[in-house]
Amino acid sequence: MKKTELKKILKENITDWLAERSKQEEADSGDMAYTEKAAVKEKVAKIEDQIAEFYYVTKPTKESSVEELIKSGDVFEFAMSGLTREDISGIYKSEGRAKSAANKVIKERDIKLKETYKKGQNKLKAMEASIDEIKGQIEGKMSEATSNPDMRESLTAESNSLMEKLSMLEAQVNKLREVLEAEGMRFEKKKPKKDTKKDNKKDEKEDDKDKK
């Protein structure tokens, strides 16, 4: 056999072997890709949840109702709510106890609002008394300036200073009066509620029955 023919045969064998080897590598890479994809699709293991759904009561605003304060969910839903420790009044296992707590929170809020409202009324009375006093001082100085021409310039300056003070005080009184009127209307609109203590005890008893 000639050398040229031998080289040709060897070249063909090597070429066939390389082609076969390349096909095998492609097949292996395909298997690897499939394995990687399959690993991504693997199901996430279930988490044992012994707490399940619970109820929590948020802190109230001036306009909050009992229903708006009560919320429910599992730990993951609670985490996604964006609420912090400062936003929460309490956490409870049953809806009845959460409702009892919400009623208590609303009652405490209303007591504080009424106390603030009374303080505002007292403040308004004191400011109105100050206005009357300043008006009296202005009238006195203007009268004295008329009867005492020599002191007219200084008395007029004092009167002008009192007028500026009076103007500022009257603006504050008007603003405070508007706020108090709005608060008063809000209290009047609130309907008288039933005895919440009886309702709360009823809710708690029903929760206890459900547990049993």
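Up top is the structure these notes are about.
J.: Hey, could you run me through the overall build of the protein in this one?
T.: Scanning the protein for helices and strands turns up six helices and three strands. Reading the protein from its N terminus to its C terminus gives the helix and strand order α-β-α-β-α-β-α-α-α. Relative to its full complement of 212 residues, the protein shows a buried share of 22%. Taking as baseline every contact in the protein between residues at least 6 positions apart, the subset at least 24 positions apart corresponds to 74%.

J.: I tried to follow the nonpolar core on my own but got confused; where do I start?
T.: Note that soluble globular proteins tend to have their nonpolar side chains buried in a common cluster. Ranked by size, the top nonpolar core spans 13 residues in total, and within it Ile131, Ile134, Ile138, Leu166, Leu169 and Val173 carry the most contacts. If you list the elements that add at least two residues to this core, you get helix 4 (95-147) and helix 5 (152-189). Setting aside residues up to four positions removed in sequence, Val173 forms contacts with Leu124, Met127, Glu128 and Ile131. Listed in part, the ten residues of the second largest apolar core include Tyr55, Val66, Ile70 and Ala101.

J.: Any chance you could explain the environment of Ser167 here in plain terms?
T.: Among the secondary structure elements, Ser167 is positioned in helix 5. Ser167 gets classed as partly exposed once you look at its relative accessible area, which sits at 45%.

J.: Explain the side chain of Arg109 here, please?
T.: Within the secondary structure layout, Arg109 lies in helix 4. Only 2.9 Å separates the side chain of Arg109 from the side chain of Asp110, close enough to count as a polar contact.

J.: When you look at the packing of aromatic side chains in this model, what are you seeing that I'm missing?
T.: Think of a pair of aromatic rings as described by two things: how far the centres are apart, and how the planes are tilted against each other in angle. This model, assessed by the stated rule, comprises three aromatic pairs. Each member of the aromatic cluster is reached from another via a ring pair, and the members are Phe54, Tyr56 and Phe78.

J.: Is there a simple way to think about the sheet that holds strand 2 (residues 70-73) in this case?
T.: Strands belonging to one sheet form pairs held by backbone hydrogen bonds; the direction of such a pair is parallel or antiparallel. Overall, antiparallel pairing links the three strands, which are arranged 2-1-3 in an open sheet. Two strands in the sheet have a free side with no partner beyond their single neighbour: strand 2 and strand 3 (88-92). The average angle at which neighbouring strand axes cross in this sheet is 25°, direction not considered. When strand 1 (residues 54-58) meets strand 2, the two strands line up antiparallel, connected through four bridges. Counted as the bridge partner of Tyr55 is Ser72 from strand 2. Sheet strands in contact with helix 4 are strand 1, strand 2 and strand 3, and its direction is about 5° off that of strand 1.

J.: What is the right way to look at a nonpolar patch on the surface in this model?
T.: Side chains of Ile47, Ile51, Val75 and Phe76 sit close together on the surface and give an oily, nonpolar patch of about 420 Å² of accessible area. The topology assignment puts Ile51 in the loop between helix 1 (3-40) and strand 1. Here Ile51 falls in the exposed class, since its relative accessible area comes to 55%.

J.: Where do I start with the pattern of salt bridges in this structure?
T.: When the charged atoms of two side chains with opposite charge come close together, those side chains can pair. All chains considered together, the criterion is met by five salt bridges. The shortest N-O distance in the salt bridge between Arg109 and Asp110 comes to 2.9 Å. Classification of Arg109 by relative accessible area gives buried; the value is 11%. A residue is classified by how much of its surface remains accessible, and Asp110, at 11% relative accessible area, is buried. The salt bridge partner of Arg177 is Glu128, with a shortest N-O separation of 2.7 Å. Here the residue Arg177 occupies a position in helix 5, and Glu128 occupies one in helix 4, the gap between them amounting to 49 residues.

J.: Help me out: how do you make sense of the environment of Ala126 in this one?
T.: Tracing the sequence through the fold places Ala126 in helix 4. Once the C-alpha coordinates of Ala126 and Val173 are considered, the two residues, 47 residues apart in sequence, prove to be 9.9 Å apart.

Rules used in this analysis
Residues numbered from 1 in each chain as written. Predicted model: local features only at pLDDT ≥ 70, side-chain atom pairs only at ≥ 80, totals over all residues. Heavy atoms only, no water. Helix = DSSP H or I, 4+ residues; strand = E, 2+ residues; numbered from the N terminus. Buried < 20%, exposed > 50% of the residue type's maximum accessible area, 1.4 Å probe, protein only. Contact = heavy atoms within 4.5 Å. Core = buried A, V, L, I, M, F, W, Y, C linked by side-chain atoms within 4.5 Å. Polar contact = N/O pair within 3.5 Å; in protein donor to acceptor, adjacent residues only side chain to side chain. Phe/Tyr/Trp six-rings, centres within 6.5 Å; stacked < 30°, edge-to-face > 60°. Pairing = 2+ DSSP bridges. Axes fitted to C-alpha atoms, helices over the stretch in contact; angles between N-to-C directions. Patch = residues over 30% accessible without salt bridge, like charges linked within 9 Å, V, L, I, M, F, W, Y side chains within 5 Å. Areas by Shrake-Rupley, 256 points an atom, 1.4 Å probe, with all protein chains shown as cover. Salt bridge = Lys/Arg side-chain N within 4 Å of Asp/Glu carboxyl O.

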